[in-house]
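A closer look at the structure
The chain contents come next:
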Amino acid sequence: MYLGFKKSRAAMIAIIVFSVILCVLVWIRDRELEVYIPILASAFLLAIGYLTGRLVANLVATSETTRALGLLHMELDPQAFIDKYKSVPDRVPEKSRDRIIAGFYLADGYDALGDFTAALDALRRPSDDRKNDDALMGTYYSSLIRSELGLSDFENAEKHLALLDRLTIQTPKKDLTAHLRANHNLYSALLAVMKGEVIDTAALKKAFEKTEYEMRRLELLNVFALNDKNRGAVNSEKESLNLLAEHGGKTRYAEAARKRLESLN
């Protein structure tokens, strides 16, 4: 991710330039010695400079990513996040894992804004050599399903839910299994209520009480509201809608909840 931000690239360039300056000074100082001595010293300085530059650039990029994600997940302002982050993925090497992850982050922003086509465009399917990276593939399928549901593409969403379910079963990592299972349960429920079905939300309500992530709470509230709409429970639906409108920030959830509340009043 070290190439993704102007600040991280500037930090790396500054350190490399400083290393080059040191090399020049070494050549000036050692000009009367055997030529291999300044050559070895220069090679060592440039290697140290490059590695240090990469390290510092990664630290800066991590800080900038955290700050950008705060706009999305803490301030619930997807447009502000997109404005800051939309150019980052294209700056990261195309085939790197970081490039794929940056695409996931950007897709999250577009999804929270309600631009599902842009969310799909931001996603990059992991290459075949990463098919055993369960965490990466699980995140990819989860993001893909969410965007497909946003577009009411139920056929593809069902197909990818099956793949996510298979991945959930095969991964040996317990924490990852729990995370992917939670995603599968959520998006399976969302698919059902979007198709007009009435579901049992008891397990999802337990998940709602336990989750610390505001965006996940909004996703769950959205399922509750749709399910109440399907079963004609107007008062219960209003409770979920009011929470979405109050705590949804500038996301699509708050806007949709306010519109629905207007139609109910």
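Parameters and conventions
Residues numbered from 1 in each chain as written. Predicted model: local features only at pLDDT ≥ 70, side-chain atom pairs only at ≥ 80, totals over all residues. Heavy atoms only, no water. Phe/Tyr/Trp six-rings, centres within 6.5 Å; stacked < 30°, edge-to-face > 60°. Helix = DSSP H or I, 4+ residues; strand = E, 2+ residues; numbered from the N terminus. Buried < 20%, exposed > 50% of the residue type's maximum accessible area, 1.4 Å probe, protein only. Lys NZ or Arg CZ within 6 Å of the ring centre and 35° of its normal. Polar contact = N/O pair within 3.5 Å; in protein donor to acceptor, adjacent residues only side chain to side chain. 1 Å grid on protein atoms, 1.4 Å probe; cavity = no way out; pocket = protein on both sides within 12 Å on 5 of 7 lines; lining within 4 Å. Points joined across faces, edges and corners; volume = space filled by probe spheres on them. Axes fitted to C-alpha atoms, helices over the stretch in contact; angles between N-to-C directions. Parallel < 35°, antiparallel > 145°, perpendicular 65-115°, else oblique. Left-handed = near helix turned anticlockwise from the far one by under 90°. Contact = heavy atoms within 4.5 Å. Patch = residues over 30% accessible without salt bridge, like charges linked within 9 Å, V, L, I, M, F, W, Y side chains within 5 Å. Areas by Shrake-Rupley, 256 points an atom, 1.4 Å probe, with all protein chains shown as cover. Salt bridge = Lys/Arg side-chain N within 4 Å of Asp/Glu carboxyl O. Expected span 1.5 Å × (residues − 1).

1. Examining the packing of aromatic side chains
The full count for this structure, using the stated rule, is four aromatic pairs. Between Phe208 and Phe224 the ring centres are 6.0 Å apart and the planes differ by 70°, which places this aromatic pair in the edge-to-face class. Separated by 16 residues along the polypeptide, Phe208 in helix α10 (residues 202–210) and Phe224 in helix α11 (residues 214–231) bring together distant segments of the chain. Phe224 shares its class with Phe208; the two are buried. Here a set of aromatic residues connected by ring pairs shows up, and it is made of Phe81, Tyr85 and Tyr105. We note Lys205 situated over the ring of Phe224; from NZ or CZ to the ring centre the distance is 5.8 Å.

2. Points about the side chain of Glu64
Position of Glu64 relative to the elements: it lies in helix α2 (residues 36–73). Within the structure, the side chain of Glu64 is placed 3.5 Å from the side chain of Lys84, a separation counted as a polar contact.

3. Brief notes about the layout of surface pockets
Estimated volume of the largest pocket: approximately 940 Å³. What lines the largest pocket is a set of 33 residues, among which His179, Asn183, Tyr213, Arg216 and Glu219 lie closest to the centre. Contributions of two or more residues to the lining of the largest pocket are made by α2, α5 (97–113), α7 (134–150), α9 (174–194), α10 and α11. Counting residues per element, the ones that place at least two in the lining of the second largest pocket are α7, α9, α11, α12 (234–247) and α13 (252–264).

4. As for the packing of α11 against α12
Two elements in contact, α11 and α12, have axes separated by 8 Å at closest approach and are oriented at 150°. With respect to their mutual orientation, α11 and α12 come out roughly antiparallel. The chirality of how α11 crosses α12 is left-handed. Counting all contacts with α11, which are made through Glu214, Leu218, Leu221, Asn222, Phe224, Ala225, Asp228, Lys229 and Arg231, the residues of α12 involved are Ser236, Glu237, Ser240, Leu241, Leu243, Leu244 and His247.

5. A short note on unusual backbone geometry
It is generally the case that most residues other than glycine have a negative phi and that most peptide bonds are trans. A positive phi is found at Leu76, a non-glycine position, where the angle reads about 55°. Its identity is not glycine, yet Ser152 carries a phi of approximately 60°, on the positive side. Mapped onto the secondary structure, Ser152 falls in the loop between α7 and α8 (154–170). Take Ser152: its relative accessible area is 45%, and that puts it in the partly exposed class.

6. Section: a nonpolar patch on the surface
A cluster of nonpolar residues, Ile13, Val17, Val20, Ile21, Val24, Leu25, Ile28 and Leu46, forms a patch on the protein surface that exposes about 680 Å² of accessible area. For the nonpolar patch, the leading source of residues is helix α1 (residues 6–29), giving seven residues. As for its placement among the helices and strands, Ile13 is situated in helix α1. With relative accessibility at 53%, the residue Ile13 sits in the exposed group.

7. Topic: the pattern of salt bridges
Considering all chains together, one arrives at 14 salt bridges under this definition. Ionic pairing is found between Lys84 and Glu64, a salt bridge with its closest N-O pair at 3.5 Å. Of this pair, Lys84 sits in helix α3 (residues 78–85) while Glu64 sits in helix α2, and the two are 20 residues apart along the sequence. The partner of Asp90 in a salt bridge is Arg99, and the shortest N-O contact between them spans 3.7 Å. What you see here is one network of salt bridges that share partners, running through Asp108, Asp111, Arg146 and Arg252.

8. Some thoughts on the environment of Leu204
Relative to the helices and strands, Leu204 is located in helix α10. Separated by 38 residues in sequence, Leu204 and Asn242 place their C-alpha atoms 18 Å apart. For Leu204, the contacting residues outside a window of four places in its chain are Asn185, Leu186, Ala189, Ile199, Leu220, Val223 and Phe224.

9. Some details on α11
With 18 residues, α11 extends 26 Å from end C-alpha to end C-alpha; this agrees with the ideal 26 Å at 1.5 Å per step. Every buried residue belonging to α11 is among Met215, Leu218, Glu219, Leu220, Leu221, Asn222, Val223, Phe224, Ala225, Asn227 and Asp228, and all of these are buried. Gly232 occupies a position one or two residues after α11 and carries a positive phi of about 75°.

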